[in-house]
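As a plain string of letters, each chain reads:
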Amino acid sequence: MSELRDRVVVLTGAAGNVGTSAAKAFDAAGARVVLVDHSAEHVKKRLGELATRHRIEEVDLGDETGVRDRFAAVRADLGRIDALVTSVGGYVGGNPVANTA
């Protein structure tokens, strides 16, 4: 994944299970990761040292104006956004797909 070196990757849900795994992979690939979550403290707890190497944006993704403002600030400060990974949300098990109509 060396093609990600110095690319700006915005990752929502950064403190979740998928988000933390993705953050580690992007960090290892040399990307500049913007860790987006509703709680900066939660991101720091989950990602530890890795979180200190990247930008954290605390925002409620249900707040359209807040999201627009935070993403505009990222673009203004970093010059661009090369990729957006949306891993925010939860998962609740249910019926297997094969059992749905």
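What you are looking at is a predicted structure, and each value in this text was computed from that prediction instead of being measured. (Residues numbered from 1 in each chain as written. Predicted model: local features only at pLDDT ≥ 70, side-chain atom pairs only at ≥ 80, totals over all residues. Heavy atoms only, no water.)

> For this particular structure, what's the right way to read unusual backbone geometry?
Peptide bonds are, in most cases, trans, and in most cases residues other than glycine have a negative phi. In this model, D6 sits at a positive phi of 65 degrees, which is unusual for a non-glycine residue. Here D6 lies in the segment before β1 (8–12). Overall, D6 belongs to the partly exposed group, its relative accessible area being 46%. (Helix = DSSP H or I, 4+ residues; strand = E, 2+ residues; numbered from the N terminus. Buried < 20%, exposed > 50% of the residue type's maximum accessible area, 1.4 Å probe, protein only.)

> Help me understand the pattern of salt bridges in this model?
Opposite charge on two side chains lets them pair, provided their charged atoms get close. Applying the stated rule across the entire model yields eight salt bridges. D27 is the partner of R53 in a salt bridge, and the nearest nitrogen-oxygen pair spans 2.8 Å. In this pair, R53 sits in the loop between α3 (49–52) and β3 (55–58) while D27 sits in helix α1 (residues 17–28), placing the two residues 26 residues apart along the sequence. Residue R53 is classed as partly exposed on the basis of its relative accessible area of 45%. Of the charged contacts, one joins K44 and E41 as a salt bridge, the two residues approaching to 3.5 Å between their closest N and O atoms. With K44 and E41 both in helix α2 (residues 40–47) and three residues apart, this pair spans about one turn of that helix. Assessed through its relative accessible area of 47%, E41 is described here as partly exposed. Shared partners join several salt bridges into a network, and the residues in it are R55, E57, R70 and D77. (Salt bridge = Lys/Arg side-chain N within 4 Å of Asp/Glu carboxyl O.)

> Help me out: how do you make sense of the side chain of T20 in this one?
Within the secondary structure, T20 is located in helix α1. For T20, a relative accessible area of 5% gives the class buried. For T20, the residues in contact, after removing those within four places along its chain, are A14, A15, R46 and L47. (Contact = heavy atoms within 4.5 Å.)

That's the geometry; what it means functionally is another story.
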